[in-house]
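In case you want the letters, here they are:
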There are 2 protein chains.
Amino acid sequence: MLLKKEIEKQAENAKAASRKMAGLSIEVRNSALLKMSEALEKNLDEILSTNAEDLKAAEEKGTRRNFIDRLKLTPKRVADMAEGLRQAAKLPDPIGHEDFHVTRPNGLKIRRVRVPFGVVGIIYEARPNVTVDAAGLCIKSGNACVLRGGSEAIRTNQKLVEILKAAAIEAKIPEHAIEFIAITDRDAVIAMCRLRKLIDVIIPRGGAGLIQRVVEHSTVPVIETGTGVCHIYVDKAANFEIALPVVLTAKISRPSVCNAMETLLIHKDIAEDFLPKISKMLKENKVELRGDELSRKICPDLKVATEEDWATEYNDLILSVKIVSGVDEAIEHINKYNTLHSDAIITDDEEAAKKFQTLVDASAVYVNTSTRFTDGFEFGFGAEIGISTQKLHARGPMGLEALTTTKYLIEGNGQTR
Amino acid sequence: MLLKKEIEKQAENAKAASRKMAGLSIEVRNSALLKMSEALEKNLDEILSTNAEDLKAAEEKGTRRNFIDRLKLTPKRVADMAEGLRQAAKLPDPIGHEDFHVTRPNGLKIRRVRVPFGVVGIIYEARPNVTVDAAGLCIKSGNACVLRGGSEAIRTNQKLVEILKAAAIEAKIPEHAIEFIAITDRDAVIAMCRLRKLIDVIIPRGGAGLIQRVVEHSTVPVIETGTGVCHIYVDKAANFEIALPVVLTAKISRPSVCNAMETLLIHKDIAEDFLPKISKMLKENKVELRGDELSRKICPDLKVATEEDWATEYNDLILSVKIVSGVDEAIEHINKYNTLHSDAIITDDEEAAKKFQTLVDASAVYVNTSTRFTDGFEFGFGAEIGISTQKLHARGPMGLEALTTTKYLIEGNGQTR
C-alpha cells in the first residue's frame, strides 16, 4: 500500500512535469541533452565506482556471466551513452510537425500536429544505458518519464538519474521530468502498470517474462518490444552466394540479440544441396542444429527439433531447421511461430518474394538480406527506444516519432452544429 | 470453459481468414461492400421482423426508452446502413500506400507500407448499425473481424451477420472474415479480450462500464473510444456573438453524444455579464445548471455542483458551470477532469488560444467553435469506426487508416551484418 502510494506520487509529479514539458522549446530540450551528456563525462569516476558496487553484489549473488556483462559499465560505455545524448540533440524535433490539414466547407480549419505523449513509462532489466537513452529520448520528444530498472543495477541507475536530473534542471527542465522508481520489489512493476491516466504509455524492454507480466497486468497502453523468433526461408530459386553468408551471419554475428535468426526454413528441392553446405559452416562456428524429420534424413547428425523449438527464441548458438514444400508452407510456418519481429526470404523469384512480403505477418520482411538489420540505426532513424513487436501505434524500430502522438487543432469563427 | 473454447475457435477461424484477406485486391473488397449493401436492402422485411422480436423482448424486460431507441431499426435506418457501405466502397484503399522509403548507404531499400491489422475485435452495445459499419470498414481495410454486440440486439445482429456473410462470401471474401460471437454471457467479453495473438486489436464502443471492463481485462491491445467529458472555456476576450450560440448548441443539439459539452468554464471578468445571458438561454431549453460557489453568487438559482459533477459525462440536459481566474486555471481544470476527447476556448486573444491549444491534453482542441464537430464525417474522413480517447495509434475520429498498421519491406542483394 505504501509502495503503491509512493509510486503513484512519483507518477503524479511526472504528469505535472509533463504539462510543463509540452510548452518547452526545442532549444531548451536540446540544451538539456547536452548538459546531461557533459554531466555523465564529468562524473565518470563516480559512475564507475557506484557501478562497481552493483557488480560486486551481483557477483556475490552468483549472477550469470552474460547478465553481469550487461550490467557492467566501462569508460567506453559511459562515453557511448554521453555520445548518444549528443546525437539525439542533433536529431530533428519530433514535436509540432503538421502531418494533415484541411479547410472544411463550413470554414473550419483542421490541423493535426505531433505532440508529446505526456508521461512515458519504461520498465527494463540489467542494462544501465537504458536509463540514459530513455531519459534522453523522452526529454527530446517533450515527454516526462517514469523509469523502472532492474534491481541488480539499482545503485548505478540511481546515480545516473541523480546526475541526469541535476543537469536537466540546470537547463530549465521541470524537476520531475525524470522520475526513477527505486523500489526493487516486483510488485512495483505491477503498481506502475495500473496508473492509467497518470502514465500514458508503458514500454517494457527485456525478456519474455517481463513483457508477459506487463501485458498481463497493465491497464496503461503497452508497446510490446523485443522478443524475436526470426526466420530465414531459403527458396528453391535462392542464389547460394547470397543465402550462405546471410544465413551464417544471421545466426552467428550476435546470437544474443532479438533480430538474430532462430529458425531456418529450406525448400525441399534444394535442401539436399543447401543443408549440408550451411550445416558444415554453422557447425564450424559452434552452432547446434536441431532439425525436423526431413532435414535429419539429409543430415542425420542433427539433433531432433521438438514442437517447442519452433517457438523458442534461443538467443544462443542454436538453430532449428525445417524443410518445407514451398513458399506457402514457409509463410504458414512463420505466421504460426514468429513473434511479429523480422523474417526473410532468399530467392531470385520475384513472385515468391512478393507473396512472402505480402503474407508474412511481421514488422520487417526482408528479401535477399538478413533479419539482423532490424535496428533503428541501420534503418537510419538514429536513437532507438526499442523494437515494437506489436501492431498498435509503432511497428519495428522505434525512433523519436514513436514517443509522440497527435492532436487535432481546429479553428473556427462561430460555427455550430 | 466451453464458452472460452468456442470463442477461441471463432478467433482462430478469423485469424486464418485474415491471412487470406491480406492478399485480396481492392476490387474484391469493394465489390463485397456493394453486395453487402444490396443484401441489406433486399432483406429489409426479414431484418425488421427480426428486430421486432428484439424490441418486444426488450420492452417486456422493461428496458429504458433511450436504449430501445438505439436498438430499433426502421426502413430509413436500414437504408442508411446500406448507404454507409456504398460510401465506404467509394473511399480510397487504405492498404498498400507507401508512407516512407529510403535507400541506405549499404544499398538496402527500405519501404514502409500500410497493411491490415489482421483481426479486429469490436465490442459494442445496443446499436445494430455497428454490426454493419464495423464489418464493412474491416473488410474495406483488409481485416477480418470478430464482433460482439449487446445481448438485447442478439437476434438482429445474428440476422445482419447472416446476410452480410452470405453476400461477402459471394464476392469471394473468406467465410470466416466476419465472425459474430453469439454468446451473450458477460464472460464472453473477457474471454475475447484475452485472445492475444489471435485478435490484433480490440475496439470497445459503448458506455464507460464496458470500456472499463475491457481495459481492465484485456491482454489484446485496446483502442479506447467514446467517453466524452468535453469543456468549453469562455475567455475574458470572448466574442459573445460566437460564445452564446456555440455554448448553447454544444449542450442542447444532441446531449446524448460523446462530443456534447458537459462543463462550461467562464472567465471571472466577464462572468457577471455572460453567465446570466447563457443561463437564461439554456434554461429556456430545459437544461439544468449546476454551478460552483462563484457562479452561484451571480446566479443563485443554480444547483450546487459537487466534485463528482466535474468528472461526469451527463449525456443529458445537465451542465456544470465553473468560474475561473483565467486561461491557466481553465487549462488546469480541463486537464484534471477531461477524458482526452474534445475541449474548446472561445476568445479573440490569439495568445490565450495558442496556450490553450498547446497545453490542453485532448484529441481535439477547438478555438471559437464547438466540440460537437469531433466526428469522422465532420472532419471529412467519411466512415468512422469510433472516436479514440487515448493516445496510442489513433487519436480522435478514427477513419479507415486507424484500422491499418505498417510493415517494413526491405530488399537487398546479399548484405550481411
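Read on for an overview of the structure. Model, not experiment: these values are computed from the prediction. (Residues numbered from 1 in each chain as written. Chains lettered and ligands numbered in written order. Predicted model: local features only at pLDDT ≥ 70, side-chain atom pairs only at ≥ 80, totals over all residues. Heavy atoms only, no water.)

1. Focus: the packing of aromatic side chains
Aromatic rings considered in pairs are described by the distance between their centres and by the relative angle of their planes.
No. 1: For the structure shown, the criterion picks out twelve aromatic pairs over all chains.
No. 2: With 5.8 Å between their ring centres and 80° between their planes, phenylalanine 379 of chain A and phenylalanine 381 of chain A make a pair best called edge-to-face. Phenylalanine 381 of chain A carries the same exposure label as phenylalanine 379 of chain A, and that label is buried.
No. 3: Pairwise contacts between aromatic rings join Phe100 and Tyr408 of chain A together with Phe379 and Phe381 of chain B into one cluster.
No. 4: Residue placement shows lysine 322 of chain A over the ring face of tryptophan 310 of chain A; its charged tip is 5.7 Å from the ring centre. (Phe/Tyr/Trp six-rings, centres within 6.5 Å; stacked < 30°, edge-to-face > 60°. Buried < 20%, exposed > 50% of the residue type's maximum accessible area, 1.4 Å probe, protein only. Lys NZ or Arg CZ within 6 Å of the ring centre and 35° of its normal.)

2. Some points on the relation of the copies chain A and chain B
No. 1: Under the fitted operation, chain A is carried onto chain B by 0.0 Å of movement along the axis and a turn of 180°, and the coordinates agree to an RMSD of 0.1 Å. As the rotation angle and translation indicate, the two copies are arranged about a two-fold axis. By C-alpha distance to the rotation axis, the residue of chain A lying nearest is histidine 393 of chain A, at 1.8 Å.
No. 2: A high fraction, 100%, of the interface residues of chain A reappear at the interface in chain B, so the copies pair face to face through one surface. (Least-squares fit on C-alpha atoms with pLDDT ≥ 70 in both. Contact = heavy atoms within 4.5 Å.)

3. Details of the pattern of salt bridges
A side chain of one charge can pair with a side chain of the opposite charge when the charged atoms of the two come close.
Residues and elements named next belong to chain A.
No. 1: Going through the model one piece at a time under the given rule, you end up with 64 salt bridges over all chains.
No. 2: The salt bridge partner of glutamate 411 is arginine 111, with a shortest N-O separation of 3.8 Å. Here arginine 111 lies in strand 2 (residues 109–116) and glutamate 411 lies in strand 16 (residues 404–411), a separation of 300 residues in the sequence.
No. 3: The residue lysine 268 makes a salt bridge to aspartate 269 at a minimum N-O spacing of 3.2 Å. (Salt bridge = Lys/Arg side-chain N within 4 Å of Asp/Glu carboxyl O. Helix = DSSP H or I, 4+ residues; strand = E, 2+ residues; numbered from the N terminus.)

4. Observations regarding the interface of chain A and chain B
No. 1: Counting residues at the interface gives 77 residues for chain A and 77 residues for chain B.
No. 2: Where chain A abuts chain B, roughly 6300 Å² becomes buried across the two surfaces, and 50% of that area is made up of carbon and sulfur atoms.
No. 3: At the junction of chain A and chain B, the tally comes to twelve salt bridges.
No. 4: For glutamate 216 of chain B, the salt bridge goes to arginine 194 of chain A, with nearest N and O atoms at 2.2 Å.
No. 5: Counting across the interface, chain A meets chain B through 49 residue pairs in polar contact (both at pLDDT 80 or more).
No. 6: Sorting elements by how many residues they give to the side of chain A that touches chain B places strand 16 of chain A first, with seven residues.
No. 7: When the residues that make up the side of chain A that touches chain B are grouped by side-chain class, the tally is 31 nonpolar, 27 polar and 19 charged.
No. 8: Taken together, the four bridges between strand 16 of chain A and strand 13 (residues 364–367) of chain B define a ladder with parallel strand orientation. Each residue of the ladder has a partner; that of leucine 409 of chain A, found in strand 13 of chain B, is valine 365 of chain B. (Buried area = accessible area lost by both parts, 1.4 Å probe. Polar contact = N/O pair within 3.5 Å; in protein donor to acceptor, adjacent residues only side chain to side chain. Nonpolar A, V, L, I, M, F, W, Y, C, P; charged D, E, K, R; others polar. Pairing = 2+ DSSP bridges.)

5. Concerning the nonpolar core
General note: in soluble globular proteins, nonpolar side chains tend to be found buried as a group.
No. 1: Judged by nonpolar contacts, the single largest core of 75 residues is most densely connected at Met36, Leu40, Ile139, Leu147, Ile178 and Ile199 of chain A.
No. 2: Sequence-distant contacts of leucine 147 of chain A, defined by excluding residues within four places in its chain, comprise Ile122, Tyr124, Thr131, Ala134, Ala135, Ile178, Glu179, Phe180 and Ile181 of chain A.
No. 3: Counting residues in hydrophobic clusters, the runner-up holds 51 residues, among them Leu73, Leu164, Ala383 and Ala402 of chain B. (Core = buried A, V, L, I, M, F, W, Y, C linked by side-chain atoms within 4.5 Å.)

6. What about the sheet that holds strand 16 (residues 404–411) of chain B?
Hydrogen bonds between backbone atoms are what pair the strands of a sheet, whose relative direction is either parallel or antiparallel.
No. 1: In spatial order, the strands read 10(A)-9(A)-11(A)-8(A)-7(A)-12(A)-13(A)-16(B)-2(B)-1(B); together these ten strands make up an open sheet with mixed pairing. The sheet is open, and its two edges are formed by strand 10 (303–304) of chain A together with strand 1 (98–103) of chain B, each paired on a single side.
No. 2: Here strand 7 (residues 230–234) of chain A pairs with strand 12 (residues 342–346) of chain A via four bridges, running parallel. Across the sheet, residue tyrosine 233 of chain A finds its bridge partner in strand 12 of chain A, namely isoleucine 345 of chain A.
No. 3: Against the sheet, helix 11 (residues 268–284) of chain A contacts strand 7, strand 8 (261–267), strand 9 (288–291) and strand 11 (318–324) of chain A, and its axis sits at roughly 145° relative to strand 8 of chain A. (Axes fitted to C-alpha atoms, helices over the stretch in contact; angles between N-to-C directions.)

7. Some thoughts on the pairing of strand 7 of chain A
Residues and elements named next belong to chain A.
No. 1: Buried residues dominate strand 7, accounting for five of its five residues.
No. 2: Of the two faces of strand 7, both are covered, the one formed by Cys230, Ile232 and Val234 as well as the one formed by His231 and Tyr233.
No. 3: The parallel pair strand 7 and strand 8, bridged by helix 10 (residues 240–252), forms a crossover whose chirality is right-handed. (Right-handed = clockwise from strand over helix to strand, strands pointing away.)

8. A short note on empty space enclosed by the protein
No. 1: A complete count under the given rule lists three cavities of 30 Å³ or more for this structure.
No. 2: If you add up the space inside the largest cavity, you get close to 250 Å³.
No. 3: Forming the walls of the largest cavity are 18 residues, and the residues nearest its centre are Val220, Pro221 and Val222 of chain A together with Pro221 and Val222 of chain B.
No. 4: Per-class residue counts for the lining of the largest cavity are ten nonpolar, six polar and two charged.
No. 5: Considering only enclosed or pocket space, the second largest cavity measures out at about 160 Å³ in volume.
No. 6: Asp361 of chain A together with Ser18, Arg19, Ala22 and Pro116 of chain B are, among the 17 residues lining the second largest cavity, the residues nearest its centre.
No. 7: Examining the composition of the lining of the second largest cavity, we find that three residues originate from one element, helix 1 (residues 2–21) of chain B, more than from any other.
No. 8: For the lining of the second largest cavity, the residue count by class is six nonpolar, four polar and seven charged. (1 Å grid on protein atoms, 1.4 Å probe; cavity = no way out; pocket = protein on both sides within 12 Å on 5 of 7 lines; lining within 4 Å. Points joined across faces, edges and corners; volume = space filled by probe spheres on them.)

9. A look at the packing of helix 14 (residues 327–337) of chain A against helix 15 (residues 350–359) of chain A
Residue and element names in this part refer to chain A.
No. 1: Between helix 14 and helix 15, the least distance of the axes is 10 Å, while the angle of their chain directions is 20°. In terms of orientation, helix 14 and helix 15 fall into the roughly parallel class. Helix 14 and helix 15 meet at a crossing whose hand is right-handed. Here Val327, Asp328, Ile331, Ile334 and Asn335 of helix 14 lie close against helix 15, whose contacting residues are Ala352, Lys355, Phe356 and Leu359.
No. 2: For the contact of helix 14 with helix 15, the class distribution of residues is six nonpolar, one polar and two charged. (Parallel < 35°, antiparallel > 145°, perpendicular 65-115°, else oblique. Left-handed = near helix turned anticlockwise from the far one by under 90°.)

10. Considerations on helix 1 of chain B
No. 1: Over its 20 residues, helix 1 of chain B extends 28 Å from the first C-alpha to the last, a length consistent with the 28 Å expected when each residue adds 1.5 Å.
No. 2: Residues of helix 1 of chain B that are buried: Ile7, Gln10, Ala11, Asn13, Ala14, Lys15, Ala17, Ser18 and Met21 of chain B. (Expected span 1.5 Å × (residues − 1).)

The quantities given are spatial measurements derived from coordinates; they are silent on function.
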